[in-house]
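# Remarks on the overall topology
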Amino acid sequence: MRINAGGLSTIVVGREREIKTIKSYIKMGQHCAIVAPRRYGKTTLVNAVLEDLKNDYLIIKLDIFAASNVRELCHLLIDAVYQSHGVSNFVKSAKDNILDIVSRFKLDTDFVKIGYDLLREPSEAELIKKAFQLPDLFAEKQNKRAIVFMDEFGDIERFGEDVVKKLRAYFQTHQHVSYIFAGSQTSVMNKVFLDKANAFFNFASIMNLPLLDIDQCRTFAKGLRIDHIQFNEQAVEKILETTQGHPYYFIKLIQEAYVLAYLDDSSLVTPDLVDKAIQKILRDNHAFFEVEWDRINVKKHKGHVLKSLIGLDTVSEQVSLSYKSQMIKELKNEAVLNNEKQMTDPLFKAWLIRNIAI
Ligand SMILES: Nc1ncnc2c1ncn2[C@@H]1O[C@H](COP(=O)(O)OP(=O)(O)O)[C@@H](O)[C@H]1O
Ligand SMILES: [Mg+2]
């Protein structure tokens, strides 16, 4: 079995409701936006849905984060559109050997010409307009519906408000495309989709992705056998208690504990190995957590407020209630806290408890 934390994962624990919901949105032609902190499994979830639908729809995937400017964004989209027709690296091939594409993929020359001409478009405004029309145009020509998945969509802000407005205006006219957006920067995503003043307000149904269901994680971990190594009951409970259904850490901790058992020539993962694995994950993430903590502490008393919420400290009486609630609001916007004022990253919390003196 491929147990991969952080990379492309084929294991999907739980998420049945979410998968069904997204599929029914797609069927209805309702666009949707998936919002959750990083590593909550947004990309994994959408990929699972798209894998199931790949025979019935043209699947077009675009990672906004991967583009450094608008032209590159358009090129990535053009590539993704041709990829949905089985042609890889269209943009590069179109520069090197366009005839090869026509012959190798038996694509209608009409189809190839559209992309080929587009790459020679000198005006950036025209390029955006035509590139973002491609999914709808190709879907119509193929007599199929398309699903366009825009990952890390919060990042679209980088390209300026004008681009965001334009995209909305184009998307609105598309009859053959369902859009799925996913984004981590909760505040940006909320601003884009929930702020009345923003172009995308009311465009997509919002899905706030929660942590995984603990019982489903338990069932998965108990049933797991990797090369004859399994996890005893207390080890499973320790993993659940530490990771609280956080998909990335859940898989990561299983993986690290498994490696330790393997090195010990043991066929059983016990709680002491899980403990060692937790230490390793905390060490590996130390630099990242330290930067996070420093960033939080740029604002006076913000770190205190966070520590008080996890029971590590009390906030000085000099801090007014309104300042405190302002800090909490910011921590929520930065996705450090969820709406229930709990930390979204269970290992960052464990790191704070171990490393930050009162
Ligand atoms: N439903 C799930 N079941 C098991 N593992 C998951 C699940 N969702 C995510 N993961 C694990 O967490 C990692 C991060 O998930 P990812 O989808 O990349 O998060 P996001 O896109 O929200 O940042 C994945 O590489 C995978 O190891
Ligand atoms: Mg992702």
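Residues numbered from 1 in each chain as written. Chains lettered and ligands numbered in written order. Predicted model: local features only at pLDDT ≥ 70, side-chain atom pairs only at ≥ 80, totals over all residues. Heavy atoms only, no water.

### Brief notes about the overall build of the protein
Along the protein, the regular secondary structure elements total 17 helices and eight strands. Taking all 358 residues of the protein together, the buried fraction comes to 49%. When contacts within the protein are restricted to residue pairs at least 6 apart in sequence, long-range pairs at least 24 apart make up 72% of them. Total accessible area computed for the protein in this model is approximately 18,000 Å², and 49% of it derives from carbon and sulfur atoms. (Helix = DSSP H or I, 4+ residues; strand = E, 2+ residues; numbered from the N terminus. Buried < 20%, exposed > 50% of the residue type's maximum accessible area, 1.4 Å probe, protein only. Contact = heavy atoms within 4.5 Å. Areas by Shrake-Rupley, 256 points an atom, 1.4 Å probe, with all protein chains shown as cover.)

### Topic: the layout of surface pockets
Roughly 650 Å³ of volume is contained in the second largest pocket. When contributions to the lining of the second largest pocket are tallied by element, the ones reaching two or more residues are helix H9 (186-194), strand E5 (205-208), helix H16 (321-333) and helix H17 (346-355). It is H9 that provides the largest number of residues to the lining of the second largest pocket, a total of three residues. Residues of the lining of the second largest pocket, tallied by class, amount to 15 nonpolar, nine polar and four charged. Both domains that furnish three or more residues to the lining of the second largest pocket are identified here as domain 1 (2-208) and domain 3 (286-355). (1 Å grid on protein atoms, 1.4 Å probe; cavity = no way out; pocket = protein on both sides within 12 Å on 5 of 7 lines; lining within 4 Å. Points joined across faces, edges and corners; volume = space filled by probe spheres on them. Nonpolar A, V, L, I, M, F, W, Y, C, P; charged D, E, K, R; others polar. Domains from an automatic or database assignment.)

### Considering helix H14 (residues 286-296)
Structural remark: α-helix, 3.6 residues per turn; residues separated by three or four positions point the same way. Among the residues of H14, those classed as buried are Phe289, Glu292, Trp293 and Ile296. Looking straight down H14, one finds that the buried residues subtend no more than 95 degrees of arc, so they occupy a single side. Away from its buried face by more than 90 degrees, H14 exposes Ala287 and Val291. Residues of H14 that are buried make contact with helix H12 (247-263), helix H13 (271-284), helix H15 (302-309), H16 and H17. (Arc of directions from axis to C-beta.)

Keep in mind these values describe shape, not function.
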